[in-house]
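# Architecture at a glance
Read off the chains here:
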Amino acid sequence: MTLNSLRIFLIMAIAGALSSCDGIFSDIYDPAPDDDAFEQGIITRSDSPGRYTLMLDARSYNEWHFIHLSDLSITTVAIPDSLSGEWDGRSGWSYHLVEGTKYTPLSSRKTDPQPEPDEWDFALHHFDVRTNGGAALATTYTAFSELPATSASFPADDFQSDVWTNNQVITDLEGMMAYHIGYQNSYANLVLSDWVTMDFSNPPPTYSATGKVYLMRLADGTVAAMLLRNYMSNAGTKGFLTIEIKYPY
Amino acid sequence: MRQPLLISFIISCLCAWANNSPEPAGYTREQLDSIERVFNLNEIVITGTRTPKALKDVPVPTRLITEADLRQIDATNIQDLLQQEIPGVEFTYAMGQQINMNLSGFSGQGILILLDGERLAGETLENTDFSRLDLNGISRVEIIRGAASALYGSNATGGVINLISKEADKPLRLNVNARAADHHEWRGGAQLGIQYQKVNNMAEISHSRISTYTVCLDTKDQCDFRNVYGHRTWNVRDRLIYRPVDNVAITARAGYYFKERLYNVDTPDRYRDFSAGLRGEWTINPSNVVEASYAFDQYDKSDLIRESGLDVRDYSNVQNTVRAMYTHIFPGQNMLSVGVDLTRDYLLTYQFVEGETHHQYTADAFLQYDHHIDSHWEAVGAVRWDYFSDGADNQLTAKLNLRYNTGLFTMRGGYSGGFRAPTLKEKYMMYNMADVFEVHGNPDLKAEKSHNFNLYGEYTVNSYYFAVGANYSSIHNRITTSGMRYGNGAEPYLDYLNVKRLKVVGVEATVRARWGWGLSASLSYNYTHEQCPDATANQYCPARPHALNFRGGWTWNWSKSYRTDLSVSGRFLSQVSYMSMYMYAPFEEKPVTNPAYTLWKVQLQQHIIDRFHVSVAVDNVFNYGPAVYSYNAPVTMGASLQVGLSIDIL
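Residues numbered from 1 in each chain as written. Chains lettered and ligands numbered in written order. Predicted model: local features only at pLDDT ≥ 70, side-chain atom pairs only at ≥ 80, totals over all residues.

Further remarks concern the overall build of chain B. For chain B, the count of helices and strands is 6 helices and 40 strands. Since a compact globule built from 650 residues should have a radius of gyration of about 26 Å, the 25 Å found for chain B is in line with a globular shape. Counting the 650 residues in chain B, one finds 41% classified as buried. A sequence separation of at least 24 residues applies to 59% of the contacts in chain B between residues at least 6 apart. (Helix = DSSP H or I, 4+ residues; strand = E, 2+ residues; numbered from the N terminus. Rg over C-alpha atoms; globule rule 2.2 N^0.38 Å. Buried ≥ 20, exposed ≤ 12 C-beta atoms within 10 Å, placed from the backbone. Contact = placed C-beta atoms within 7 Å.)

All names here are of chain A. Reading across the sheet, the 7 strands line up as E1-E2-E17-E16-E15-E9-E10 and stay open at both edges, with antiparallel pairing between neighbours. The outermost strands of the open sheet, each flanked by one partner alone, are strand E1 (41-44) and strand E10 (160-161). Bridge analysis of strand E2 (residues 51-57) against strand E17 (residues 238-246) gives 7 bridges, and the strand direction is antiparallel. Within E17, the position partnered with Met55 by the bridge is Thr242. (Pairing = 2+ DSSP bridges.)

Residue and element names in this part refer to chain A. Where E1 and E2 come together, 4 bridges link them in antiparallel fashion. Counted as the bridge partner of Ile42 is Leu54 from E2. In textbook terms, the turn of a hairpin is the stretch between consecutive antiparallel strands, and for E1 and E2 this stretch comprises 6 residues, one of which, Gly50, has a positive phi near 80°.

We now examine the sheet that holds strand E8 (residues 128-131) of chain A. All names here are of chain A. Within the open sheet, the 4 strands sit side by side as E4-E3-E7-E8. Their pairing is antiparallel. Among the strands making up the open sheet, the edge pair consists of strand E4 (73-78) and E8. Strand-to-strand twist across the sheet, computed as the mean angle between neighbouring axes with direction ignored, equals 25°. Both strand E3 (residues 63-68) and strand E7 (residues 122-125) contribute to a ladder of 3 bridges, which runs antiparallel. (Axes fitted to C-alpha atoms, helices over the stretch in contact; angles between N-to-C directions.)

Every contact between the two is made by 54 residues of chain B and, on the other side, 42 residues of chain A. When residues of the side of chain B that touches chain A are traced back to their parent elements, those giving at least two are strand E16 (231-245), strand E17 (248-261), strand E18 (269-285), strand E19 (288-305), strand E20 (310-329), strand E21 (335-349) and strand E36 (576-584) of chain B. Partitioned by chemical class, the residues of the side of chain B that touches chain A number 32 nonpolar, 12 polar and 10 charged. (Nonpolar A, V, L, I, M, F, W, Y, C, P; charged D, E, K, R; others polar.)

So, on to the environment of B:Ile164. Residues and elements named next belong to chain B. In this fold, Ile164 is placed in strand E10 (residues 159-165). Since 21 C-beta atoms lie within 10 Å of it, Ile164 is described here as buried. Spatially, the C-alpha atom of Ile164 lies 10.0 Å from that of Thr66, the residues being 98 residues apart in sequence. Once residues lying within four places of it in the same chain are set aside, the contact partners of Ile164 are Asp116, Ile138, Ser139, Arg140 and Glu142.

Along any regular strand the residues' side chains alternate between the sheet's two faces. All names here are of chain B. Pairing between strand E29 (residues 464-476) and strand E32 (residues 502-514): 12 bridges, direction antiparallel. The residue bridging Tyr472 from the neighbouring strand is Val505, located in E32. Inspection of the sheet shows E32 paired to strand E33 (residues 519-530) by 11 bridges, in the antiparallel sense. Among the inter-strand pairings, Thr510 is bridged to a residue of E33, identified as Ser524. What sits between E32 and E33 in their antiparallel hairpin is a turn of 4 residues, with Trp517 showing a positive phi close to 55°.

Residue and element names in this part refer to chain B. Looking at the element boundaries, Asn247 is found in the loop between E16 and E17. Exposure remark for Asn247: the 14 C-beta atoms within 10 Å place this residue in the partly exposed category. A sequence separation of 43 residues divides Asn247 from Glu204, and the C-alpha atoms of the two residues are 27 Å apart. Beyond its immediate chain neighbours, meaning those up to four positions away, Asn247 contacts Trp282 and Thr283.

On to unusual backbone geometry, then. Residues apart from glycine generally show negative phi values, whereas peptide bonds are mostly found in trans. Along the chain, A:Tyr247 connects to A:Pro248 via a cis peptide bond; the corresponding omega equals -5°. Looking at the element boundaries, A:Pro248 is found in the segment after E17. Here B:Trp517, not a glycine, exhibits a phi torsion of approximately 55°, which is positive. Position of B:Trp517 among the secondary structure elements: in the loop between E32 and E33.

The next subject is the nonpolar core. Membership of the largest hydrophobic core comes to 51 residues, with the highest contact counts inside it found for B:Ile111, B:Ala148 and B:Val160. What B:Ile111 contacts, discounting residues up to four positions off in sequence, is B:Met101, B:Leu103, B:Phe106, B:Gly158, B:Gly159 and B:Ile161. One finds A:Phe66, A:Phe122, A:Ala123 and A:Ala135 within the second-largest nonpolar core, a separate group that totals 36 residues. (Core = buried A, V, L, I, M, F, W, Y, C linked by C-beta atoms within 7 Å.)

What follows concerns helix H4 (residues 78-85) of chain B. Residues and elements named next belong to chain B. Counting buried residues along H4, 6 of its 8 residues qualify, which places the element largely inside the surrounding structure. For H4, every residue scored as buried is listed here: Ile78, Leu81, Leu82, Gln83, Gln84 and Glu85. The elements touched by buried residues of H4 are strand E3 (62-65), helix H3 (67-73), strand E4 (89-93) and strand E35 (562-573).

Following this line, the structure appears as structure tokens:
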């Protein structure tokens, strides 16, 4: 009886050890999608006139992506990191010690001004947004289908213009562990830029999206409705933006 | 060299004093037995020598938390239990709000945590996933201070914590329990025990959850963390013991663990563990015992991407271990134990180059001899050799512990060696942190080594138990990460390295008392001097120098069917000052001081017909709230209420 028990025990132990060297149940997980499969561009919705889907790889902290709605173009421009000529008196990078919402300046460096294409309506940098002389407001709606028939329902005074910032557009996260963050001195629309919050108070950063529909009034007075449907790729990589646009609204 | 000599001198003096002290006058053997029973000194422990021994006899300093203690403390989780019971234990946050343990100067990487004597696969920032350690089915916890690598191998540089599971103690036992607290915290569990002829089976299931809540409300405050992220867990375990004949026991076990943490709401991180094991013990005759076992443990991490519904695994650590041990008992209860282990360690992680996996084999052999010198003295010595196939590294460790006992006085002391071999992650990591910086492994890492000397004395008289002890550890080649480096690569990087020699010195003192009328009290003090490493990019908080724990209890049987337990517990941790990273380029340090704090808990348990157990507790009764939520601040926003119910249905 004792020998039989030990024999069974040994057989089960060896069988178990041989069958599970690299693990079990791997099929309960999904294969990781490839970020390279993400196709950047502006897709026109054929079923709904004036509806577009903007898909953008905005992972880089060192690029602005300028969008022109009239010709559905995307122009990517690098953020200058040095000064090659005469300084315009404000362009550059500012480093801050970030403690919650308290920013203590540490250092700065001068750079060339941000190059821009001739024609553009708004621009995206990671989750930051700026407009070309426009303004924006956050609605309480979470889907285009909930919006009133026209944008005239929203008071014009509620739209907020871009402001000049030195602690919004992150360009250097290298010192994140010490809460030393570098920012581009840049215009930014703080209403639109709030659609995703990146909190790096306890690195690595955490992300949360409002899920709201935003209205953006362009310089020519036309209005676009925008909904950030996703801020990551199918693989979960942050910075891949999928934005639904209704223009004109 | 001066410290070991000093300790030897102290041992000699204490021995001389103890030998000259009179035998306990006026005590009968029955009275001594009663005292030993009151303070659990006859409880059987196994961790210190890997063989069962009474707590009062074990030469290795062992702290035991019994099943009765577990019931009285009614801890929420293992962190809560250890912090309430052991002075000098602190759980702090690290990167990504992962949890780091500091036990008297040793972080999670230096404390080996075992479940029924088996290692746990997986780690995060060198710490075990403490949520796996569900107290639902635990009968006792044994804690060894000091190195124990001569018995347990790698990672036991500073101590061992061994959680021992329950066995069914009657034909049919069914318990259901639940607990609720602030922030929608909920824990529910059930246990089913069956003891039938040759079969003993214990099955457990538990579920817990808590919502995300904000602790640092003022956004202008500098807080190391603002939110405490919610999570939910499931834990299922079954353990079957089959005794076909009196001298053979076969144990089969299986377990599943799941945790989902809402660190990122849109991509919650998930943790799973699959474990199984088979163990056979054959008592050939009263002098010869053979054990053999196989253990499987797989710890996975994945991210659920809500938008796409995909659950993508990015980490898997799989450990397969076979073990054999033979124990021979000589006349006079002298005991020889020899054993061998073989482990295959497999690691897949997002922190390697994409698609890369690594594995290695570790083999070891150990020998321990436990010698009863005379009726007062016992010595246990062990030596162990470990081999790691990756890098063909060898480690040889040894220990020697002595125990001296008269009727009321016991002294333990000795030397123990420890080591922590570099992990596959630490050797081969190549992790790009969001294109910001990289963390590089170091294949040339050496094993971290420790030499530990300790001396503890305990004295039990009437209703009182006194214990005092000291330990000294010298640690060489501690493994940590560097400051930011700038090479020729695209990104700046941190890398793993060995740092210079460090020292940890600790002193402990405990007084316990049990009086009539159901009254009891204990007071424990711990002093730790941890020579801090230079500041690095790690969020490392060293041990607080002074820690004090108090527990007072009153048990009263109002009638045969109604009993109440009232307990008041508190802990004090002194302020701690150390250097922390201030500037990363060029690297600069700044002094940091974290303030002292004290937390108190009042708990009332009511036991009705020994079947219904109702618990009401107020934690942090003095409504303490940290001014700044630093990584080592207590995670509390003030007083909180907990209610619990446990029903023994069968």
